Amino acid sequence: DKVIRVVPESERETQILRAAFNRLKVDLWQPSSPLHIVEGTVADVRVPQNVTRSLLPYLQQANIHYTILISDLQQAIENQTGMRSHRNRRSLSEYNYEAYHSLEEIEDWMHYLNRTYSDLVHMFSVGKSYEGRPLYVVKLGKRSRPYKKAVWIDCGIHAREWIGPAFCQWFVKEALQTYQTDPDMRKMLTQLYFYIMPVFNVDGYHFSWTNDRFWRKTRSKNVRFHCHGVDANRNWKVKWCDEGASLHPCDDTYCGPFPESEPEVKAVAHFLRKHRKQIKAYLSFHAYAQMLLYPYSYKYATIPNFNCVESAAYNAVNALQSAYGVRYRYGPASSTLYVSSGSSMDWAYKNGIPYAFAFELRDTGHFGFLLPETLIKPTCTETMLAVKNITLHLLKKCH
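Within each chain, residue numbers correspond to sequence positions counted from 1 in written order. With the structure being a predicted model, the display of local features is reserved for residues of pLDDT at least 70 and the display and counting of side-chain atom pairs for 80 or more, all residues being used for whole-chain, interface and lining totals. Just so you know, side-chain values use all the structure's heavy atoms and leave hydrogens and water out.

A.B. asks: Residue-level account of the overall build of the chain, with values.
C.D. replies: Where helices and strands are cited, they refer to DSSP runs of H or I of at least four residues and of E of at least two residues respectively, numbered from the N terminus. Scanning the chain from N- to C-terminus turns up 12 helices and 12 strands. Overall, the chain is about 65 × 50 × 45 Å in size when its C-alpha atoms are taken along their principal axes. Counting the 399 residues in the chain, one finds 59% classified as buried. Here the open area of atoms and residues is found with the Shrake-Rupley method and a 1.4 Å probe, where only the protein chains shown may cover a residue. Accessible area of the chain: about 16,700 Å², with a carbon and sulfur share of 51%. Positive charges are assigned to Lys and Arg, negative charges to Asp and Glu, while His and the chain termini are left out of the count. In plain terms, the charge of a residue is placed at NZ if it is Lys, CZ if Arg, CG if Asp and CD if Glu. Computed over 49 positive and 38 negative side-chain charges, the inter-centroid distance for the chain is 7 Å. Between buried and exposed lies partly exposed: a residue is buried under 20% and exposed over 50% of the maximum accessible area for its type, with that area taken using a 1.4 Å probe on protein chains only.

In structure tokens, the structure reads:
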């Protein structure tokens with residue numbers, strides 16, 4: 001299998017690509033659906049070996065230029081996960097935050113923190129996944145007073161975006177390690193609670209380790225089709241299954257049979273509804289595109305508190321860039337990325353959480369979903385600066 005990149009240069013090329021990708025049922029890495037392929041924007045496509053033979057000559061014939069991003073995908077996967085087999089299993093106290101971890105390892109790590117840092121960490125489950133796994137959340141913060149504002153952070157709504165869960169773990173590590181020495185972190189953990197969900201889509205994430213590295217959706221079964229899963233970021237009750245979502249169960253952006261059909265989405269939505277007076281920010285971590293997005297996703301319109309959110313985003317992106325010079329684009333999701341309905345970010349915003357953001361972490365497609373473990377540290381370090389920046393912005397009154 002290969003990953004190729006095409007940038008359609010005309011309406012004709014756009015139509016040809018949409019038709020070809022629909023017909024061949026290729027795996028689009030970005031954008032998430034052939035509908036989003038437009039003139040001048042990048043499309044990254046995973047092409048199975050058997051399709052390569054027909055697709056690439058077809059593109060050449062149609063005079064459509066493409067570049068090969070990854071020439072041997074299997075080799076690239078093995079490069080990323082091959083090191084794991086002989087990587088010594090370190091004890092939890094020496095947990096390696098610069099490696100990707102399986103669901104089991106992440107859950108063990110959470111239990112360990114819960115036991116070890118009982119003054120700052122409280123772990124609980126908000127429900128069960130489709131396959132019956134617990135949906136764990138870590139509550140992080142000093143129990144300084146009964147009522148505190150809170151920030152919600154989730155990672156891994158899309159299973160194959162492994163850098164997300166890696167960042168959630170990194171965030172917790174940083175908080176616990178720098179709480180004593182960093183006045184900003186101390187302030188954050190004293191004045192706020194953080195609810196952190198390292199793996200939102202637990203079934204899908206597990207499946208991306210055991211069966212299909214590029215699985216995106218949940219793992220619920222569809223009665224009429226032999227396709228599994230729903231896009232957990234199209235399943236929320238906000239303009240559900242409108243533009244940018246698919247009604248077809250086999251599509252990557254399938255919105256599900258009804259809003260909150262997925263137990264994972266339902267459980268988190270229930271938790272957020274219950275705590276909506278307390279939760280002031282919702283941060284969701286995805287990959288890849290290097291963007292910081294805020295509402296709306298489902299329409300082109302300006303949010304009421306645009307000025308506060310926009311300045312928070314602007315400052316966060318600058319803070320992020322200060323680490324390694326990596327420039328993130330930022331703006332409303334609809335115009336910065338593409339229109340999509342039923343997203344968690346829009347839902348959180350519509351449910352009264354004033355700061356709702358979705359991060360698209362590194363990179364811009366060179367590695368795509370296979371971001372090497374050597375890039376976990378720089379990615380998480382720069383992202384940490386952005387998240388701290390947003391959090392501190394939250395603690396100041398914005399008019």
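From this point, things continue past the structure.
A.B. asks: Tell me about the UniProt feature "domain: Peptidase M14" (unreviewed entry) in the chain, residues and numbers included.
C.D. replies: UniProt positions are given in the numbering used here, feature names are shortened, and annotations may be inferred rather than shown by experiment. Residues annotated by UniProt as "domain: Peptidase M14" (unreviewed entry) correspond here to residues 99–394. Taken end to end, residues 99–394 comprises 37% helix and 18% strand; its first and last C-alpha atoms sit 31 Å apart.

A.B. asks: Go over the sheet that holds strand β12 (residues 355–361) with me, naming the residues and quoting the values.
C.D. replies: One key point about sheets: their strands pair by backbone hydrogen bonds, in either a parallel or an antiparallel sense. Spatial strand order, β5-β6-β8-β7-β9-β12-β10-β11: 8 strands in an open sheet with mixed pairing. In the strand order of this sheet, the two ends are held by β5 (121–128) and β11 (329–332), each with one partner. Each adjacent strand pair in this sheet contributes to an overall mean axis angle of 20 degrees, direction not counted. Any two strands are treated as partners once DSSP identifies two or more bridges connecting them. As judged from the 4 bridges shared by strand β10 (residues 291–294) and β11, these two strands associate in the parallel manner. Within β11, the residue paired with L293 across the bridge is G331. Its contacts with the sheet put helix α6 (residues 183–191) on β6 (134–140), β7 (149–155) and β8 (192–197), and the angle it makes with β8 is roughly 90 degrees. Two residues form a contact once any of their heavy atoms are found within 4.5 Å. The convention used is that axes are lines fitted to C-alpha atoms, helices contributing only their stretch in contact, and that angles between N-to-C directions extend from 0 to 180 degrees. Each of β10, β11 and β12 touches helix α9 (residues 306–324); the most contacted strand, β10, lies at about 170 degrees to it.

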